[in-house]
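Structural description and commentary
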Amino acid sequence: ALSASSPRPFSVDRDGLLLGEGAAVAVLSSAPSGEHKPLQILGAGVDCEGFAATRPSESGRSLAAAVGRTGRKKIDLILAHGTGTRANDAAEDFVFRSVFHPSLAPLTCTKWSIGHTLGASGLLDLVVAAEILRQQKLFPIATTEMVDPDFHARVLVRGTELPKNIREVMISSLGFGGIHAAVALGFSEVDP
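Predicted, not measured: the structure shown is a model, and the values here were computed from it.

The next thing to look at is the pairing of strand β6 (residues 179–187). As paired strands, strand β1 (residues 39–48) and β6 are joined by nine bridges and run antiparallel to one another. Residue pairing across strands places V46 opposite A181, the latter belonging to β6. Taken together, the seven bridges between strand β5 (residues 168–174) and β6 define a ladder with antiparallel strand orientation. Note on β6: the bridge partner recorded for I171 is V183.

Shown next, in the form of structure tokens:
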């Protein structure tokens, strides 16, 4: 599953992931504070399929269940797990197309730039999603040049017009042992 060069999530020539190191801390509160608009977790879901130790089932059933449990029908951006492996990227593309069709949101990810930090990756993505929402700045996947033509996701690569007015981000996290999670983060006035 390790890339021989660099991770290229959702690319036609993707060949795996690279490991990274990282840690994150998030402080959750029931009362907004500070100068920022209040962000909140709009929905969360977890599912365990136990299909394999390090990859999801091809059907994506468990990730689809986790995404479905968030209760979100339309989102503005997907922050995918995006490892760059054949199995994970294909499962995510299938799930997002199945759950959000026809209003499939654009997709980006972080592991191409920071590596797969294993246990910290989901929380790092939560921090990135919060900053995308607060600053209204997002980024393409710089290492992916040609998206796999079998995919339906609107993958943001260099040269792609980046969406504006991001109000809600769906974070996808695929875990060891088939434990998959999804979190919708957004501004408190966003409707499902």
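Under the counting rule described, the total for this entry stands at nine salt bridges. The partner of D148 in a salt bridge is R14, with the nearest N and O atoms 2.9 Å apart. With a gap of 134 residues between them, D148 in the loop between α4 (121–135) and β4 (154–155) and R14 in the segment before β1 connect regions that are remote in the sequence. Like D148, the residue R14 is buried in the burial classification. When the shortest N-O distance is used, the salt bridge between K111 and D125 registers 3.6 Å.

The next point concerns the pairing of β5. Burial of β5 is extensive: seven of the seven residues sit out of reach of the surface. Of the two faces of β5, the one holding E168, M170, S172 and L174 and the one holding V169, I171 and S173 are both buried throughout. Pairing analysis gives three bridges linking strand β2 (residues 77–79) to β5, with the strands arranged parallel. Residue pairing for β5: I78 is matched across the bridge by M170.

Moving on, we come to the nonpolar core. With 24 residues, the main nonpolar core has I78, F96, F100 and L107 as its most contacted residues. Taken together, the elements giving at least two residues each to this core come down to α1 (61–68), α2 (86–100), β5 and β6. In contact with F96, other than residues within four places in its own chain, are I78, A80, H101, L104, L107 and S172. With 14 residues, the next largest nonpolar core counts A130, I132, L138 and V169 among its residues.

So, on to the environment of V155. Residue position: V155 is located in strand β4. V155 gets classed as buried once you look at its relative accessible area, which sits at 8%. Put simply, V155 and L42 are 113 residues apart on the chain and 23 Å apart in space, counted from C-alpha to C-alpha.

Okay, α4 next. Think of an α-helix as turning once every 3.6 residues; residues three or four places apart then point the same way. Compared with the 21 Å implied by 1.5 Å per residue over 15 residues, the 21 Å span of α4 between its first and last C-alpha is a close match. Among the residues of α4, S121, L124, D125, L126, A129, A130, I132 and L133 are the ones counted as buried. Considering only its buried residues, α4 is in contact with β1, β2, α3 (111–114), β5 and β6.

This part is about the packing of aromatic side chains. Going through the model one piece at a time under the given rule, you end up with one aromatic pair. Judged by centre distance (6.0 Å) and plane angle (70°), the ring pair of F10 and F151 falls under edge-to-face. Of this pair, F10 sits in the segment before β1 while F151 sits in the loop between α4 and β4; the two residues are 141 residues apart in sequence, bridging distant segments of the chain. The same class applies to F10 and to F151, which are both buried.

Strand order in the open sheet formed by six strands is β1-β6-β5-β2-β3-β4, with mixed pairing between adjacent strands. Two strands bound the open sheet, and with one partner strand each, they are β1 and β4.

Criteria and cut-off values
- Residues numbered from 1 in each chain as written.
- Predicted model: local features only at pLDDT ≥ 70, side-chain atom pairs only at ≥ 80, totals over all residues.
- Heavy atoms only, no water.
- Pairing = 2+ DSSP bridges.
- Helix = DSSP H or I, 4+ residues; strand = E, 2+ residues; numbered from the N terminus.
- Salt bridge = Lys/Arg side-chain N within 4 Å of Asp/Glu carboxyl O.
- Buried < 20%, exposed > 50% of the residue type's maximum accessible area, 1.4 Å probe, protein only.
- Core = buried A, V, L, I, M, F, W, Y, C linked by side-chain atoms within 4.5 Å.
- Contact = heavy atoms within 4.5 Å.
- Expected span 1.5 Å × (residues − 1).
- Phe/Tyr/Trp six-rings, centres within 6.5 Å; stacked < 30°, edge-to-face > 60°.

Remember, this is a structural readout, not a statement about activity or role.
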